[in-house]
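Residue-level listing of the chains:
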Amino acid sequence: EASLATVHYRGGKEELEIGLEYKRSLDPKDRAVGADVLAQLGWSDRTFLDETVKALIGLLADEDANVVYCAAAGLGHRDDSRAVPHLVALANHVDSQVRFGVAFGLLGQDDPAAISCLIHLVSDVDRKVRSWAVFGLGSQTDADTPELREALLRALDDPDLEVRGEALVGLACRHDPRTKDALLAEWQGDVISALSLEAAQELRDPALLPGLTEIHTQYGGEGDDYFEAKLQGALEACTPETKQD
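Treat the numbers as computed from the prediction; the structure is a model and nothing was measured.

A. The nonpolar core, seen in detail. Membership of the largest hydrophobic core comes to 76 residues, with the highest contact counts inside it found for L137, W187 and L212. In terms of residue count, the dominant contributor to this core is helix 5 (residues 65–78) (8 residues).

Encoded structure:
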């Protein structure tokens, strides 16, 4: 991993050729490494963007599912809209890891086709795929359509705590009026997620204050610094400002 990070950091012509050479290997493990090299070449500078995006799109047709997954996830790191139709085409792939790669690959893309694909993946049978699809819709795009909101609302019935939390954050960010009741219902469960507290902080609704105060009474001071910070942020955001004379 350290050597791969070095290759990414350097991000030069030599490193590009290394990634392309591995991509051409007959060994699928090598091709997966090639995808990983090309995925983050130059890190945030995204050096050789055209060459790497073209190569990664080519690997989406690989016969090995793990190679396809690495290429799909790699395209997420490249963050290039040219990958969208090629990723969308894999939304129903039989391998759940590939579908997860698709969800990751589409993060941050506002293309209607990308949004529609993530909405589709919200109903995936695999928890990890659903979680990243809801995360993508809720927090990684400014898109706001009735279909997107309905997908987030459906995710509130998910058995997974994290999936529901990401949906709550997404609805709160859009100030959907149904978020308050959804949060109050979520807090009736046995476990309170930090994501639900993040949603409350985003919503800034004083009607949530009694529920947050109860959470503070029951769970405050248990030593989870992250949870405590989210809870404190939600309490402050939902406390009405006192007017000064």
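B. Representation of unusual backbone geometry within the structure. In the Ramachandran plot, H175 falls in the positive-phi region, its phi being about 50 degrees despite a non-glycine side chain. Along the chain, H175 falls in the loop between helix 11 (161–173) and helix 12 (179–186). Residue classification places H175 among the partly exposed positions, given a relative accessible area of 49%. Phi angles above zero are rare outside glycine, and R204 is one such case at about 55 degrees. Inspection of the secondary structure puts R204 in the loop between helix 13 (194–203) and helix 14 (209–219). Residue classification places R204 among the exposed positions, given a relative accessible area of 51%.

C. Region of the structure containing the packing of aromatic side chains. Applying the stated rule across the entire model yields 5 aromatic pairs. With 6.5 Å between their ring centres and 50 degrees between their planes, F100 and F104 make a pair best called tilted. Of this pair, F100 and F104 both sit in helix 7 (residues 96–105), 4 residues apart, which is roughly one turn of that helix. F100 gets classed as buried once you look at its relative accessible area, which sits at 6%. On the basis of an interplanar angle of 85 degrees and a centroid distance of 5.5 Å, the ring pair of W132 and F135 is categorised as edge-to-face. Here W132 and its partner F135 are both found in helix 9 (residues 127–139), 3 residues apart, which amounts to about one turn of the helix. Above the plane of the ring of F100 lies K128, whose end atom (NZ or CZ) is 4.1 Å from the centre.

D. Structural detail: the environment of L60. Within the secondary structure, L60 is located in the loop between helix 4 (49–59) and helix 5. A C-alpha to C-alpha distance of 13 Å links L60 and D95, two positions 35 residues apart in sequence. Discounting chain neighbours no more than four positions away, the residues touching L60 are V68, A71, A72, L75, H86, L87 and L90.

E. Molecular detail of the pattern of salt bridges. Tallying each qualifying case throughout the model produces 15 salt bridges. Among the salt bridges present, the one from D158 reaches R130, with a minimum N-O distance of 2.6 Å. With D158 in the loop between helix 10 (146–155) and helix 11 and R130 in helix 9, this pair connects stretches of sequence that are 28 residues apart. If you follow the salt bridges from partner to partner, you end up with D144, R149, E150, R174, D176 and R178 in one network.

Rules behind the numbers
Residues numbered from 1 in each chain as written. Predicted model: local features only at pLDDT ≥ 70, side-chain atom pairs only at ≥ 80, totals over all residues. Heavy atoms only, no water. Core = buried A, V, L, I, M, F, W, Y, C linked by side-chain atoms within 4.5 Å. Buried < 20%, exposed > 50% of the residue type's maximum accessible area, 1.4 Å probe, protein only. Helix = DSSP H or I, 4+ residues; strand = E, 2+ residues; numbered from the N terminus. Phe/Tyr/Trp six-rings, centres within 6.5 Å; stacked < 30°, edge-to-face > 60°. Lys NZ or Arg CZ within 6 Å of the ring centre and 35° of its normal. Contact = heavy atoms within 4.5 Å. Salt bridge = Lys/Arg side-chain N within 4 Å of Asp/Glu carboxyl O.

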